[in-house]
Amino acid sequence: MKRLVVVSNRVGPLKDTGKAGGLAVALVDMLRERGGVWFGWSGEISDVGTFSELRRERSKTVELCTIDIDATDNAEFYAGYANRTLWPVLHYRLDIAEFSPVFEAGYRRVNERFAARLLPLLRSDDQIWVHDYHFFHLGAELRRMGVENRIGFFLHIPFPPPDMLSALPRHRDLVRSLLAYDLIGLQTDRDRRHFVDYLREEAGGVDLGDGRVEAWGRIARVAAFPIGIDTEGFHEFADGPEGRRERLRLERHLNGRRQIVGVDRIDYSKGIPHRFRAVERFFDDYPEHRGKVSLLQVAPPSRSEVDAYAEIRRELEHLAGHINGRFADVDWTPIRFITRGFPRRALSGVYRASRMALVTPLRDGMNLVAKEYVAAQDHQDPGVLLLSRFAGAAESMGEALIVNPYAADEVASAIKAALDMPLDERRARHHALYTRLVEGDAKHWANSFLSMLDR
Ligand code: ADQ
């Protein structure tokens, strides 16, 4: 088996600290099995930046190798092009995207620097797997430096329709770089379609029909690999001591009332303000439920350096205050809004204690919260998932109640339907969803990507 080299902006942790996301867990398993290197940013900003000494942390067969970036890289590459340009454009938000040649140059520079630092770590038969929107150019840089290994790329966020992407200055350079990879993985068929349409419309490319595309004189394989979670592991969390403790604590508090849960990083793509308004609408349209149902929204702030995030947080605090002011009673609060992270094991108990989850992003690559919620349920008495049609997860989770997150009345009536749903129907929907989540778990995702890369 070939050694695996994973590249992503953030790396690790190697140990299950309870904080690792599903992605980290899947990748660590894979790296352990095959032996390998995980290369990325140390999370540190220093004066030497990408010229810093390589930090190495080894655990048996896996080595984490990281480098710093400097303050300029952070401003231009990370906070700039990655988070203020690419993230909004790829989430269909041209209205808030910032276009700056300085950001763009910083992004190229850091991609080139990361390639240069990765180069000496590579062996000729390594399989290289690059992750996400921070590193569109990394593969092309490695090729320029003479690397001939198989290199795959997986985009965790959406690939927008060509018309939208074409608003990004020099979009062709960006996509052309992707063709340096041997395999380009996207989350959904919709993303794959957009990508192929882009090549056809903007680059005179052709779909070769066998999973390969040709553009700019290069041939690459393109496929959808919907990312999964460690489904069974997460289910066990909910039955474990921390999961149980959290569930019991909540149940004591709820005292027979029913809870809706929302869990997201604070990000405009997640549609949290729309969700709050839908909950307000629900209490307007179904006043008999006042005092009996509440929303627990867990949303740790992310990327606080981006102004748009601070704004959303303020908006959410305002909305929660407004809605609570309108409907709360001395012994009941309609919205509890918690802005901090939860350890994953405890989170499983929060999901288990919740009668439904509102997963209503305006646009999302996949959305793992939808999958975690289903995984955490009690098979005998499962809760109901309300899922945005604009989450990649909707493509493979059709038994959820699929909603349009922009339509508050539609979400409100879906909340009502979920509350009224008979046990038989909840079980049938849950069974179908859970079975598919076990089949398409994180291991399956990583295996299918890497075996296609090998082919
Ligand atoms: P994210 O945008 O981060 O990921 P998501 O897929 O929902 O979105 O994953 C979030 C993860 O963070 C989940 O595992 C969740 O449990 C965890 N999390 C969120 N809030 C938390 C809290 N308060 N406490 C603890 N944990 C919390 C990107 C893309 C997604 C894509 C993933 C994986 O934007 O579309 O699904 O990558 O490819």
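We now turn to the structure provided with this report. What you see is a predicted model, and the numbers here were worked out from it, not measured in a lab. (Residues numbered from 1 in each chain as written. Predicted model: local features only at pLDDT ≥ 70, side-chain atom pairs only at ≥ 80, totals over all residues. Heavy atoms only, no water.)

Re helix α2 (residues 71-90)
- Over its 20 residues, α2 runs only 25 Å from end to end, short of the ideal 28 Å by more than 12%, given 1.5 Å per residue.
- The axis of α2 is deflected most strongly, by about 45°, at G80.
- With 17 of its 20 residues buried, α2 lies for the most part within the structure.
- With a side-chain oxygen positioned 3.0 Å from the backbone nitrogen of T72, the residue opening α2 is D70.
- Phi turns positive, to about 65°, at Y92, one or two residues after α2. (Helix = DSSP H or I, 4+ residues; strand = E, 2+ residues; numbered from the N terminus. Expected span 1.5 Å × (residues − 1). Bend = angle between axes of the 7 residues up to and from the residue. Buried < 20%, exposed > 50% of the residue type's maximum accessible area, 1.4 Å probe, protein only. Polar contact = N/O pair within 3.5 Å; in protein donor to acceptor, adjacent residues only side chain to side chain.)

Some remarks on the pattern of salt bridges
- Evaluated as defined, the whole model comprises 35 salt bridges.
- R3 is paired through a salt bridge with D126; the nearest N and O atoms lie 2.7 Å apart. Pair noted here: R3 is in the segment before β1 (4-10) and D126 is in the loop between α3 (101-118) and β5 (127-131), with a separation of 123 residues, a long-range link. Of the two residues, R3 and D126, both sit in the buried class.
- For R212, the salt bridge is made with D210, and the minimal N-O distance between the two is 3.0 Å. (Salt bridge = Lys/Arg side-chain N within 4 Å of Asp/Glu carboxyl O.)

What about the environment of L94?
- With respect to the element layout, L94 can be found in the loop between α2 and α3.
- Spatially, the C-alpha atom of L94 lies 8.9 Å from that of L165, the residues being 71 residues apart in sequence.
- With residues up to four places along the chain from it excluded, the contact list for L94 reads V89, M164 and A167. (Contact = heavy atoms within 4.5 Å.)

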